[in-house]
Amino acid sequence: MREITWSTAVNEAIAEEMRNDKTIILMGEDVAEAGTPFKVLLGLVEEFGTDRIIDTPISEPGFVGMAVGAAMTGTRPIVDLMFGDFIFLVMDQLANQAAKQHYMSGGKLNVPMVIRTNMGATRRSAAQHSQSLQAIVAHIPGVKVLMPSTPYEVKGLLKAAIRDDNPVVIFEDKLSYQMKGMVPEEEYIIPLGQANILQAGNDITLVATSSMVQVCEEAAEVLRSKNISAEIIDVRSIVPLDEQTIVDSVKKTSRVIVVDEGHQSYGITSEIVSRISEQAFYYLDAPPTRMGAMDVPIPFSPVLEDLTVPTSKQVVAKAIDLINNNF
Amino acid sequence: MAYEIIMPVLGMNQDTGIISVWLKQPGDFVEVDEPIMEVETDKVVQEIEVSESGYFSAPKYPEGAEVPVGEVIAMLYDTKEEATAIPDEAKDLTGEAFNPKSEELDKRSEEDSMPDTKAIVLKNPPHQVSASPEEDFNVLEIQSTKILASPKAKKTAQNKGISLTDLLNQDNDRHPITYKDVDGFVTKGKGSNSFSTINMCFEDAPIKEMLSSLAQEVEIETWRMITRIIVSSFYDCNVFSGDTLAKIYTISGELVLRNMHQFSLSDDVVTTTHNKIDVEIIDLLDFQNISIEHQFSAPIGFVLTHSNNQFKLQAVFQSSFFTTVEMIKVIDGITKRFQAPLRNLLELQD
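Residues numbered from 1 in each chain as written. Chains lettered and ligands numbered in written order. Predicted model: local features only at pLDDT ≥ 70, side-chain atom pairs only at ≥ 80, totals over all residues. Heavy atoms only, no water.

Comments concerning the pairing of strand β10 (residues 204–208) of chain A
Residues and elements named next belong to chain A. β10 sits mainly inside the fold: five of its five residues count as buried. Here β10 shows no split at all, with Ile 204, Leu 206 and Ala 208 on one side and Thr 205 and Val 207 on the other all buried. Sheet topology note: the β10/strand β11 (residues 230–234) ladder contains five bridges and is parallel. When the sheet's bridge partners are listed, Thr 205 is paired in β11 with Glu 231. Considered for its hand, the β-α-β crossover made up of β10, helix α7 (residues 212–225) and β11 is right-handed. With four bridges joining them, β10 and strand β13 (residues 256–263) adopt parallel strand pairing. In the sheet register, Val 207 faces β13, and the bridge partner there is Val 258. (Buried < 20%, exposed > 50% of the residue type's maximum accessible area, 1.4 Å probe, protein only. Helix = DSSP H or I, 4+ residues; strand = E, 2+ residues; numbered from the N terminus. Pairing = 2+ DSSP bridges. Right-handed = clockwise from strand over helix to strand, strands pointing away.)

Put into structure tokens, the structure is as follows:
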């Protein structure tokens, strides 16, 4: 084990996989000679050359479409989509083409493509570069969606994603790139569809994705000082979802808050809450509760922007309300 | 064998059909494939044939009635007797039903009629059509009375055989019942009633005196050292012979209720017992400001505490077993005994 940054973990995952599998290519805006977005891909072009690390024109629909075609014809492309917000630009390539090829070709075609993109506000990037659009992708059958929370998770999940034969979109929090964490030196993989129980507890379950895991960890710390024991579940994989771990936990604690940075309405949290209601209904002692970003465009004003996303303070307040039957 | 005749579905989006004409009288024998009525939908008027033979009986709707599809509209029986033995209310309908209006007959459109359309006939109807629908309705109404409770609380209450109504108290006006409420209730015991509490305080000076004069006999020095107090002739209060009557919480030691006779739940039932009442003792010496409401499993409990030269006697009781007035009498009796001459008050247990 050593402590490395998120960026290094991503870089290592890609480099390790590219060394093992010559069919893997990486493409995106500024990924090669023009420098790399958030400096995550530093050094890759030097090792693998411009044949495998490909700078593309500024046309997301163009290069994602290209990657879908390349994936169907024998390569395993990793696409760098500089901002999660650009998902909207590539929806036809992703949702109508990539997600459906395997099904519509009767299983003859695979699209083993990974889209690496990001999510998360509070980086002062304004409304068009601050969205958390995982729910929109997760809605499409045929695409897998991952939301790592630490350098350890991102490395293990990204490697699993690259080896997966389906289109996978991995959302990384923009603020996480410099986050440090313990990562083993030896190779490891985190299988898709496995949630992680970060901390066991008895009074309430906090289900969280991506950076909201850290928010919930802070909240759990405060709750502990108030003699409330919270169980934290890092979902890690949105599609496929590890329903069992979540449902089992809620059966134990009878109360749950699901936190994701996407807008609160019609989001990942709603889906998880819904499954809890269906499968743990008779174990619930309080309404299963969602927390997400406000249903507004993310403001540019730092003061306002910080108000829109869930904070540990809000999670604590909500947890106490649920435990005191204040609902 | 009896068969139900059901309003058929004739079109894709059809919810109801109008019985335009009944073609048979009650008691008429109907052959398989014979038409028994004409049904009018928004598109067609159609003769409806039956797929079983039998004696036509009990048309439930008059001509012109609009009936939801799938509804039972008449019956077929094996014998004429069954077919004509129909309830009175059905007779009224048939009287009206069997005067076919000629103009409606004329309206019949021959080309619309599809001869092979048959009424759906169900064998052996599982329940009588005439079963009173109000009964079911009442059941539904009772069930729909909303008591706010979490799913877990409801499930637990159901498993333990507790009615949610019994769990309602003032607090529940504000909050839904949660697991904690049910759990707390369960530990109170099999009873299905809420508990009430009465407190009475009295000075400890006379008791200390009394106790010290008793000291040689019972080997006690102070109240705190009391090992056993026996309250005899615990009259005027309702208890049950043989049952666990009370949990008694004392500062230290034991309080035993004896001779629990003259005790009646109602005027005509007088329970008398000379059994020693089974009493659970919990030492509260180390507890401050203890709240005991949730710790009782008996219908009545007493807590004796001592602080600031005062004794506090707290009685917690199930309101279904004791009224508040009765309980006040009991507490009053106990405190009087403490202050009365010693021999009346305290006895050594044999």
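Notes on a nonpolar patch on the surface
All names here are of chain A. A surface patch of nonpolar side chains, amounting to about 340 Å² of accessible area, comprises Met 294, Val 296, Leu 304 and Leu 307. Tracing the backbone through its elements, the reader meets Met 294 in the loop between β14 (289–293) and α10 (302–308). The partly exposed category is assigned to Met 294, whose relative accessible area is 42%. (Patch = residues over 30% accessible without salt bridge, like charges linked within 9 Å, V, L, I, M, F, W, Y side chains within 5 Å. Areas by Shrake-Rupley, 256 points an atom, 1.4 Å probe, with all protein chains shown as cover. Salt bridge = Lys/Arg side-chain N within 4 Å of Asp/Glu carboxyl O.)

Comments concerning the packing of α7 of chain A against helix α11 (residues 312–323) of chain A
Residues and elements named next belong to chain A. Put simply, α7 and α11 touch, their axes get as near as 8 Å, and they point 50° apart. Relative to α11, the element α7 is oriented oblique. Of the two elements, α7 crosses α11, and the hand of that crossing is right-handed. Residues Val 215, Glu 218, Ala 219, Val 222 and Leu 223 of α7 pack against Ser 312, Val 315, Val 316, Ala 319 and Ile 320 of α11. Across the contact of α7 with α11, the residue classes tally to eight nonpolar, one polar and one charged. (Axes fitted to C-alpha atoms, helices over the stretch in contact; angles between N-to-C directions. Parallel < 35°, antiparallel > 145°, perpendicular 65-115°, else oblique. Left-handed = near helix turned anticlockwise from the far one by under 90°. Contact = heavy atoms within 4.5 Å. Nonpolar A, V, L, I, M, F, W, Y, C, P; charged D, E, K, R; others polar.)

A look at a negative patch on the surface
Taken together, the side chains of Asp 30, Glu 33, Glu 46 and Asp 55 of chain A make up a negatively charged region of the molecular surface. As for its position among the elements, Asp 30 of chain A is in the loop between β2 (24–28) and α2 (44–52). (Lys, Arg positive; Asp, Glu negative; His and termini not counted. Charge placed at Lys NZ, Arg CZ, Asp CG, Glu CD.)

Digging into the sheet that holds strand β6 (residues 144–146) of chain A
All names here are of chain A. Overall, mixed pairing links the seven strands, which are arranged β3-β2-β4-β5-β7-β6-β12 in an open sheet. The open sheet terminates on both sides in strands that have one partner only, identified here as β3 (53–55) and β12 (237–239). Averaged over all adjacent pairs, the angle separating strand axes in this sheet is 20°, with direction ignored. Bridge analysis of β6 against strand β7 (residues 168–173) gives three bridges, and the strand direction is parallel. Paired with Leu 146 across the bridge in β7 is Ile 170. Contacts from helix α1 (residues 6–20) reach β2, β3, β4 (76–80), β5 (114–119) and β7 within the one sheet, and its direction differs from that of β2 by about 135°.

Regarding the interface of chain B and chain A
Taken together, the contacts link 10 residues of chain B with nine residues of chain A. On the surface where chain B and chain A come into contact, there are zero salt bridges. On the surface where chain B and chain A come into contact, there are six residue pairs in polar contact (both at pLDDT 80 or more). Broken down by secondary-structure element, the contributors of at least two residues to the side of chain B that touches chain A are α5 (151–160) and α7 (179–188) of chain B. Class assignment of the residues belonging to the side of chain B that touches chain A gives a composition of four nonpolar, three polar and three charged. (Polar contact = N/O pair within 3.5 Å; in protein donor to acceptor, adjacent residues only side chain to side chain.)

Overview of the packing of aromatic side chains
Counting across every chain of the model gives five aromatic pairs over all chains. For the ring pair Phe 83 of chain A and Phe 86 of chain A, a centre distance of 5.7 Å and an interplane angle of 65° mean the geometry is edge-to-face. Across the pair, exposure class does not vary: Phe 83 of chain A and Phe 86 of chain A are buried alike. Consider the rings of Trp 22 of chain B and Phe 56 of chain B, whose centres lie 5.4 Å apart with planes at 50°: the pair is tilted. With a gap of 34 residues between them, Trp 22 of chain B in strand β2 (residues 16–22) and Phe 56 of chain B in strand β6 (residues 54–57) connect regions that are remote in the sequence. Accessibility expressed as a relative area gives 2% for Trp 22 of chain B, which makes it buried. If you follow Lys 152 of chain B out to its NZ or CZ, it ends over the ring of Tyr 179 of chain B, 4.4 Å from the centre. (Phe/Tyr/Trp six-rings, centres within 6.5 Å; stacked < 30°, edge-to-face > 60°. Lys NZ or Arg CZ within 6 Å of the ring centre and 35° of its normal.)

Overview of the pattern of salt bridges
All names here are of chain A. Applying the stated rule across the entire model yields 22 salt bridges over all chains. One salt bridge in this structure joins Glu 17 and Arg 163, with 2.8 Å as the shortest N-O distance. With Glu 17 in helix α1 and Arg 163 in helix α6 (residues 151–163), this residue pair connects regions lying 146 residues apart in the sequence. In this structure Arg 163 comes out as partly exposed when scored by relative accessible area, which is 41%. Across the pair Arg 236 and Glu 153 runs a salt bridge whose closest N-O atoms are separated by 2.9 Å. Linking Arg 236 in the loop between β11 and β12 with Glu 153 in helix α6, this pair joins segments that are 83 residues apart in sequence. An identical accessibility class is assigned to Arg 236 and Glu 153; each is buried. Residues participating in the shared-partner salt-bridge network are Arg 2, Glu 12, Glu 16, Glu 17, Lys 155, Lys 159, Arg 163 and Glu 187.

What to know about the confidence of the model for chain B
Residues and elements named next belong to chain B. Confidence in the prediction for chain B averages 58 pLDDT; 32% of positions are at 70 or higher. At the low end of the mean pLDDT range in chain B sits strand β14 (residues 263–266), at 30; at the high end sits strand β3 (residues 29–30), at 89. Here residues 187–193 scores under 50 on pLDDT; set against residues more than four positions off or in separate chains, the count is 19 contacts. (pLDDT = per-residue confidence, 0-100.)

Observations concerning the side chain of Glu 231 of chain A
Residue and element names in this part refer to chain A. Checked against the element boundaries, Glu 231 lands in strand β11. Classification of Glu 231 as buried rests on a relative accessible area of 3%. In terms of polar contacts, Glu 231 uses its side chain to reach the side chain of Lys 252, at 2.5 Å.

Quick notes on the environment of Ile 24 of chain A
Along the polypeptide, Ile 24 of chain A turns up in strand β2. The residues contacting Ile 24 of chain A, other than those within four sequence positions of it, are Glu 17, Met 18, Arg 52, Arg 76, Ile 78 and Ile 162 of chain A.

Here we look at the pairing of β11 of chain A
Residues and elements named next belong to chain A. With respect to burial, β11 is a largely interior element, five of its five residues being buried. Neither face of β11 is exposed, since Ala 230, Ile 232 and Asp 234 on one face and Glu 231 and Ile 233 on the opposite face are all buried. In this sheet, β11 lies alongside strand β9 (residues 196–199) in antiparallel orientation, the contact comprising three bridges. Across the sheet, the residue bridging to Gln 199 is Ile 232, located in β11.

Side note on the nonpolar core
All names here are of chain A. Counting residues in hydrophobic clusters, the biggest one holds 47 residues, and the most contacted among them are Ile 87, Leu 94, Met 113, Val 137, Ile 272 and Ile 276. Contributions of two or more residues to this core are made by β2, α3 (60–72), α4 (91–104), β5, β7, α8 (243–253), β13 and α9 (268–279). When we break this core down by domain, the ones giving at least three residues each are domain 1 (2–183) and domain 2 (196–323). Each residue touching Val 137, except ones within four places of it in the same chain, is listed here: Ile 87, Met 91, Leu 94, Val 143, Val 145, Val 169 and Phe 171. Among the nonpolar cores identified, the runner-up in size contains 35 residues, and Leu 44, Leu 157, Val 168 and Tyr 188 belong to it. (Core = buried A, V, L, I, M, F, W, Y, C linked by side-chain atoms within 4.5 Å. Domains from an automatic or database assignment.)

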